[in-house]
Amino acid sequence: MPPARYRRCSQLMTEPRMVEQYSMADLLAGGTSVTSTMQWVALAPHLPVPVSLDEAMLLALGRLSPERWSAPDTPDAMVVLERLVAAGLTFRDDSPPTAALQDEHALTASAWWTPAAVMHRLARWENQDSVEALREAGMETAAGLCARLGAPPAAMFDPGPDAVALPPPVQVPFDAWLKRRATCRNFDRTRALDLAALSQLLWRTLASHGEQREGEQAVFLKKNVPSAGGLHPTDAYLLVQDVDGLEAGLYHYHPGAHALSPTCSRTASGDALARRFVAGQDWFANAHVLLILAPRFARTFWKYRQHPKAYRAVILDVGHVSQLLLSCATEQGLGAFVTAAINEQDIEQALGLDPMQQSPMAICGIGLRSEQMTTSEFDPGRHVWQPVG
Ligand SMILES: Cc1cc2nc3c(=O)[nH]c(=O)nc-3n(C[C@H](O)[C@H](O)[C@H](O)COP(=O)(O)O)c2cc1C
């Protein structure tokens, strides 16, 4: 039988890291008990976590091709390659398809640019409580932040003596309406949101308002937001918590049918889930509806293949959707917010998403504003909150 041949995974970056370890020996020798050692790690976006490498593994990876199969020269080299196979970083030409190999094929097919794929895979949170983390660091208020970090870089640059003063802007009702947008952190859950109001908002911000077809298969949608390549990769999932006439649970919004499809995990709902989704931010978890904005990467990467700008374009797309959501909610007299402090991994599990195919980028929330401000909002001009008394 011919010897097994190997290739490495197609997308891979390596990083030298300083790893801190507890050391009793160091403590007994009068040290701090923490020692630092150098450790190579493989960052492979088809795998869920970084993989530690010793130098033999690092060298072997550097010699393997991602496309061409090759046989090891020596038994020792084969031992190293088998360790890389066990770690999911290398594949054998004679082995049945493993989960790592299937994930690697799917990743290659979706045309990610490797650094973006690594960044995306590793930046996703699981079960984080962002509020607790900030509180522990004393950084949950502007005062606490400045005390800890000093003043931030200047809010504006100096215009200089040659700056050309612009004519005073004309104030029309649109300007007053723009000023009424403030990130809402106070929702009134004693009242339910009207289904018609939710429908209106979804129609304006997420629905398709026209189509263009190319041949049998290719469809391009027209929406009220711009999108890189006109591809509109961003889907919205809704965690409905308190809407009159709509059962609480998880739904997937259909932009063509303007309809909500219940997801398989529909029974999963409740305060704990919402809180988990928004990483412990109770003021956001309390919104009547959470909208999870989750792009399908392959849709944008179909045109921008392995493109260094493609992931950025996807993030910008999500930002446009969220801004329109906030604007339209304001116009409807609703409170709204956007946050990127979300537990992506928990959301993906609840929705059954493969993170490298489709993944949440941001959560928006909408609902009825409370009359009481319990959690602070930023409204220095008092356009939303009237002075008390
Ligand atoms: C990308 C993004 C992420 C945000 N994440 C959070 C967040 O995690 N928690 C929060 O309370 N506000 C969040 N905000 C809201 C900002 O804190 C808010 O926009 C800012 O303080 C200015 O206030 P304003 O929106 O009322 O003008 C986020 C805003 C943006 C655009």
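Residues numbered from 1 in each chain as written. Predicted model: local features only at pLDDT ≥ 70, side-chain atom pairs only at ≥ 80, totals over all residues. Heavy atoms only, no water.

A. Looking closely at the site of the ligand. Around the ligand, the neighbouring residues are R181, A182, T183, R185, Q281, W283, F284, V338, T339, A340, A341 and F378. Contact between the ligand and R181: an oxygen atom at 2.9 Å from a side-chain N or O atom of the residue. The contact in question runs from an oxygen atom of the ligand to an N or O atom on the side chain of R185, over 2.7 Å. The protein chains hide 58% of the 610 Å² of surface that the ligand would expose on its own. Among the residues making up the shell around the ligand, the classes are represented as 7 nonpolar, 3 polar and 2 charged. (Near = heavy atom within 4 Å. Polar contact = N/O pair within 3.5 Å; in protein donor to acceptor, adjacent residues only side chain to side chain. Areas by Shrake-Rupley, 256 points an atom, 1.4 Å probe, with all protein chains shown as cover. Nonpolar A, V, L, I, M, F, W, Y, C, P; charged D, E, K, R; others polar.)

B. Representation of the sheet that holds strand 11 (residues 289-295). Taken in spatial order, the 6 strands of this open sheet run 10-9-8-11-13-12, and their pairing is antiparallel. Every interior strand has two partners, whereas the edge strands, strand 10 (259-262) and strand 12 (335-339), have only one. Here the strands of the sheet are splayed against their neighbours by 25 degrees on average, with no regard to which way each runs. Across 4 bridges, the pairing between strand 9 (residues 249-254) and strand 10 is antiparallel. Considered in strand 10, the bridge of H252 is made with S261. (Pairing = 2+ DSSP bridges. Helix = DSSP H or I, 4+ residues; strand = E, 2+ residues; numbered from the N terminus. Axes fitted to C-alpha atoms, helices over the stretch in contact; angles between N-to-C directions.)

C. Representation of the layout of surface pockets. Its boundaries defined by the atoms lining it, the largest pocket holds a volume of some 340 Å³. Lining the largest pocket we find 14 residues, and of these L134, M139, E140, T141 and W283 sit closest to its centre. Broken down by secondary-structure element, the contributors of at least two residues to the lining of the largest pocket are helix 6 (130-136) and helix 7 (142-149). Of all the elements, helix 6 adds the most residues to the lining of the largest pocket, at 4 residues. Residue classes in the lining of the largest pocket are distributed as 6 nonpolar, 5 polar and 3 charged. (1 Å grid on protein atoms, 1.4 Å probe; cavity = no way out; pocket = protein on both sides within 12 Å on 5 of 7 lines; lining within 4 Å. Points joined across faces, edges and corners; volume = space filled by probe spheres on them.)

D. Representation of the domain arrangement of the protein within the structure. Per the domain assignment, the segments of the protein are domain 1 (6-109) and domain 2 (130-139 + 173-367). A C-alpha centroid distance of 36 Å is found between domain 1 and domain 2. Between domain 1 and domain 2, the contact holds 5 residues from the first and 4 residues from the second. Together domain 1 and domain 2 conceal approximately 310 Å² of surface at their shared face, both sides included; 46% is due to carbon and sulfur atoms. Of all residues in domain 1, P45, A106 and L107 give up the largest surface area on contact with domain 2, accounting jointly for 64% of the area buried on that side. Across the contact surface, domain 1 and domain 2 share 1 residue pair in polar contact (both at pLDDT 80 or more). Across the side of domain 1 that touches domain 2, the residue classes break down as 4 nonpolar, 1 polar and no charged. (Domains from an automatic or database assignment. Contact = heavy atoms within 4.5 Å. Buried area = accessible area lost by both parts, 1.4 Å probe.)

E. Just the packing of helix 9 (residues 195-205) against helix 13 (residues 310-331), in detail. The contact between helix 9 and helix 13 brings their axes to 9 Å, and the two run at 140 degrees. As judged from the angle between their axes, helix 9 and helix 13 are oblique. Crossing hand, helix 9 versus helix 13: right-handed. Residues L201, R204 and T205 of helix 9 touch helix 13, and the partners they reach there are V321, L324, L325, C328, A329 and E331. Counted by class, the contact of helix 9 with helix 13 contains 6 nonpolar, 1 polar and 2 charged residues. (Parallel < 35°, antiparallel > 145°, perpendicular 65-115°, else oblique. Left-handed = near helix turned anticlockwise from the far one by under 90°.)

F. Just the packing of aromatic side chains, in detail. Scanning the entire structure with this criterion turns up 10 aromatic pairs. Between W112 and F301 the ring centres are 4.9 Å apart and the planes differ by 75 degrees, which places this aromatic pair in the edge-to-face class. Within this pair, whereas W112 is found in the loop between helix 4 (99-109) and helix 5 (114-122), its partner F301 is found in helix 12 (residues 297-301), the two being separated by 189 residues in sequence. Neither W112 nor F301 differs from the other in exposure class; each is buried. One aromatic cluster in this structure is built from W112, F297, F301 and Y311. (Phe/Tyr/Trp six-rings, centres within 6.5 Å; stacked < 30°, edge-to-face > 60°. Buried < 20%, exposed > 50% of the residue type's maximum accessible area, 1.4 Å probe, protein only.)

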